[in-house]
Each structure stands twice: as structure tokens, then as C-alpha cells.
Amino acid sequence: AKSQSEDIWVAFRAVQLDQTKETNWNKQLGVNHYLKKRIGEAVPHFPDENKLGSVLYIEDYATTGLSYTGEEHVEDTKFYRFFFGSGDNEDQSGTGGSFGYGKGVYTENSSIRTIVAYSCSEEDGVARKRIFGITRTKKYVFNSRKYSGYIYHGIPAEDNDGRTKSEPIEGADADRLAENLGFTLRKDDETGTSIAVVGLESDPNKFLAEIKKETEIYWWK
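Remember, it's a predicted structure, so these values are computed and weren't measured experimentally. What you see as residue numbers is a count from 1 along each chain, following the sequence as written. In keeping with the predicted nature of the model, local features appear solely for residues at pLDDT of at least 70, side-chain atom pairs appear and are counted solely at 80 or more, and the whole-chain, interface and lining totals rest on all residues. Side-chain calculation: all heavy atoms of the structure are included, whereas hydrogens and water are not.

**Quick look at the packing of helix H1 (residues 19–29) against helix H2 (residues 31–39)**
Thought 1: Axis geometry follows a simple rule: fit a line to the C-alpha atoms, using only the stretch in contact for helices, then measure angles between N-to-C directions, giving values from 0 to 180 degrees. Runs of E in the DSSP output that reach at least two residues are strands. Runs of H or I that reach at least four are helices, and both are numbered from the N terminus. In the contact formed by H1 and H2, the axes pass within 7 Å of each other and the chain directions differ by 60 degrees. By the angle between their axes, H1 is oblique relative to H2. Contacts between H1 and H2 involve Trp25, Asn26 and Leu29 on the former and, on the latter, Val31, Asn32 and Leu35.
Thought 2: Of the residues assigned to the contact of H1 with H2, the class counts are four nonpolar, two polar and no charged. With respect to orientation, any angle under 35 degrees is reported as roughly parallel, any angle over 145 as roughly antiparallel, any angle of 65 to 115 as roughly perpendicular, and every other angle as oblique. The contact rule is simple, with two residues in contact once any of their heavy atoms fall within 4.5 Å. Each residue is assigned to one of three groups, with Ala, Val, Leu, Ile, Met, Phe, Trp, Tyr, Cys and Pro labelled nonpolar, Asp, Glu, Lys and Arg labelled charged, and all others, Gly among them, labelled polar.

**Points about the pattern of salt bridges**
Thought 1: Criterion for a salt bridge: a side-chain nitrogen of Lys or Arg within 4 Å of a carboxyl oxygen of Asp or Glu. Inspection of every chain in the model, using the stated rule, returns eight salt bridges.
Thought 2: Note that Glu59 and Arg13 form a salt bridge whose closest N and O atoms lie 2.8 Å from each other. Of this pair, Glu59 sits in strand S2 (residues 54–61) while Arg13 sits in strand S1 (residues 9–16); the two residues are 46 residues apart in sequence, bridging distant segments of the chain.
Thought 3: Relative accessible area decides the class of each residue, using a 1.4 Å probe on protein chains only: under 20% of the type maximum gives buried, over 50% gives exposed, and in between gives partly exposed. You can call Glu59 buried: its relative accessible area is 3%.

**Quick word on the pairing of strand S8 (residues 155–158)**
Thought 1: Direction of pairing for S8 relative to strand S9 (residues 164–167): antiparallel, over a ladder of four bridges. Bridging from a neighbouring strand, Ala157 pairs with Lys165 of S9.
Thought 2: Pairing between strands requires that DSSP locate at least two bridges from one strand to the other. What sits between the antiparallel neighbours S8 and S9 is a turn of five residues, in which Gly162 has the positive phi angle 80 degrees.

**Regarding the side chain of Thr107**
Thought 1: Tracing the backbone shows Thr107 in helix H4 (residues 101–107).
Thought 2: Separated by 3.3 Å, the side chain of Thr107 and the backbone oxygen of Gly104 make a polar contact.
Thought 3: Excluding its chain neighbours within four sequence positions, the residues that come into contact with Thr107 are Arg113, Thr114, Ile115, Ile134 and Arg136. Whenever a nitrogen or oxygen atom comes within 3.5 Å of another N or O atom, the pair is scored as a polar contact, on the condition that within protein one atom can donate a hydrogen and the other can accept it, and that pairs from neighbouring residues in sequence are kept only if both atoms are in side chains.

**Side note on unusual backbone geometry**
Thought 1: Here the phi dihedral of Ala62 falls at roughly 65 degrees; this positive angle occurs in a residue that is not glycine.
Thought 2: Classification of Ala62 as buried rests on a relative accessible area of 8%.
Thought 3: One non-glycine residue, Asn143, lies in positive phi territory at about 50 degrees.
Thought 4: On the secondary structure map, Asn143 appears in the loop between strand S5 (140–142) and strand S6 (145–147).

**Focus on the environment of Gly171**
Thought 1: When you line up the elements, Gly171 lands in helix H5 (residues 171–180).
Thought 2: We classify Gly171 as partly exposed; its relative accessible area is 29%.
Thought 3: Measuring from C-alpha to C-alpha, the distance between Gly171 and Arg128 comes to 6.5 Å, with 43 residues separating the pair along the chain.

**Let's talk about the pairing of strand S11 (residues 192–198)**
Thought 1: In terms of residue burial, S11 counts as a mostly covered element, since seven of its seven residues are buried.
Thought 2: Burial of the side chains of S11 extends over both faces: Gly192, Ser194, Ala196 and Val198 are buried on one face and Thr193, Ile195 and Val197 on the other.
Thought 3: Where S2 and S11 come together, five bridges link them in antiparallel fashion. Counted as the bridge partner of Leu56 is Val197 from S11.
Thought 4: Across six bridges, strand S3 (residues 114–123) lies against S11 in antiparallel orientation. Across the sheet, Ser119 pairs through a bridge with Thr193, a residue of S11.

**Describing the packing of aromatic side chains**
Thought 1: Aromatic contacts are taken between Phe, Tyr and Trp rings whose centres are within 6.5 Å, Trp giving its six-membered ring; a plane angle under 30 degrees counts as stacked, one over 60 as edge-to-face, and the others as tilted. On inspection of all chains with the given rule, the structure shows 15 aromatic pairs.
Thought 2: Ring plane angle 70 degrees and centroid distance 4.8 Å describe the contact between Tyr68 and Phe79, whose orientation is recorded as edge-to-face. Residue Tyr68 is located in the loop between S2 and helix H3 (78–84), and its partner Phe79 is located in helix H3; the two are separated by 11 residues in the primary sequence. In this pair, the class of Tyr68 matches that of Phe79, namely buried.

**Looking at the confidence of the model for the protein chain**
Detailed conclusions should not be drawn from predicted coordinates in areas where pLDDT is low.
Thought 1: Summary statistics for the protein chain give a mean pLDDT of 87 and a share of 89% for residues scoring 70 or more.
Thought 2: H4 is the least confidently modelled element of the protein chain, averaging 78 in pLDDT, while H5 averages 98, the highest of any element.
Thought 3: Confidence over residues 88–97 falls short of pLDDT 50; this stretch has 11 contacts with residues more than four positions distant or in other chains. The predictor attaches a confidence to each residue, called pLDDT, with possible values from 0 through 100.

Written out as C-alpha cells, the structure reads:
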């Protein structure tokens, strides 16, 4: 938590996509011209063009957000462990939770196995906004080449070895893209993470009713 005096809270918000919103998501993620060609056979019932249907937004507040600095090694940051980690739970001090496994729960409920996270964190006394996405499927073959099943949605950059990698979109650009994709924009002091499950597989109203039921049963954890 950011502060012991602040209450942590989470909002679940399901949105039915109209044509404009469908077009925005398809354009930003390259659903039809990029994802479908690569992972269409690896994902059962991959939706037809402009048929994502809905997006579930899961938004937490008064948490730390997916910070990207503050650790000696970038691999130890919350951002890196959430998107690139394999599910380790090191140094969690019995708090529960596990960076890495969480994204699997989210992507399994997406018809295109894709989530996008929009996060605000306080790093070195400064508010940092970021947005980044991941598509997670089983291994697939495209153009006779085998791929791991992880596709990242960000901006291209080079690592120290000259290889291309994906970096998050940050700052005002992150806010603009988040707004375009229907996220609730965060003020600088609204730390936390908003996750969009793109193309919710089940009926949104039924899914939210199930979440409500489970929350009421297990809230004490």
C-alpha cells in the first residue's frame, strides 16, 4: 500500500464496445492485421474482425502501481516482474500475491489472450504514468518459425546487445493512449494500476456477478 492511512479499493468496470471503441482497440493492438495472423490458430474461437465485444477494467487505488525504478536491477521492479516474470514470489514476506502468475489469470479471460495495464507510481518523489500490454498464448508457429507465445505491446527499443525489445509508453503519451482506450485517467496522486482484459470471454454482467459473489465470500483474505 502507498500509505497505511489510505484505504485500498478496487473497481470492476465492464464496457460494451461500440464501433468507435472496437476500432480503437483493433488499431492499437493490431488485432486483425497482426495478432490474428500470428496466434489465430493458438487461440480457440479467436474473434472475427471487430468482434471483441467488451473490455473489463480492473482498477486499484492507493497501491504502489507497477513501478519501474527504485531497484538495483530492472528485473526486480514491479513492472518488469508483472509483465516479464514467470510467476516468482521472491521477497514477498508472506504478503501473498505473485507477480507473473497474475497476468495468466487475466489473459485466460480474454478472447484474444491480451491485457493492457495503465499504471501510476511514485518514483523518487515524482509521479510516473505508464501503459503497456501483453498477449500470452501457448507456443505458436508463424512463417515456419516457432515463437514463445508472448507478444508485448509498447514502443520498440534496443537492449545493450542491440536486440529489439518493448518498452512502456510513458508520461503524457501514456495518458492520451489510456484515455483513447477507455481507461479512467489517473491524477498524479492516484497511484495504482488499471488492467484492461480485452474481449472478455464470458458475458460481462454474469462475470461481474461472479466476481461480486467471490469477493463477498473471500473478502477477509
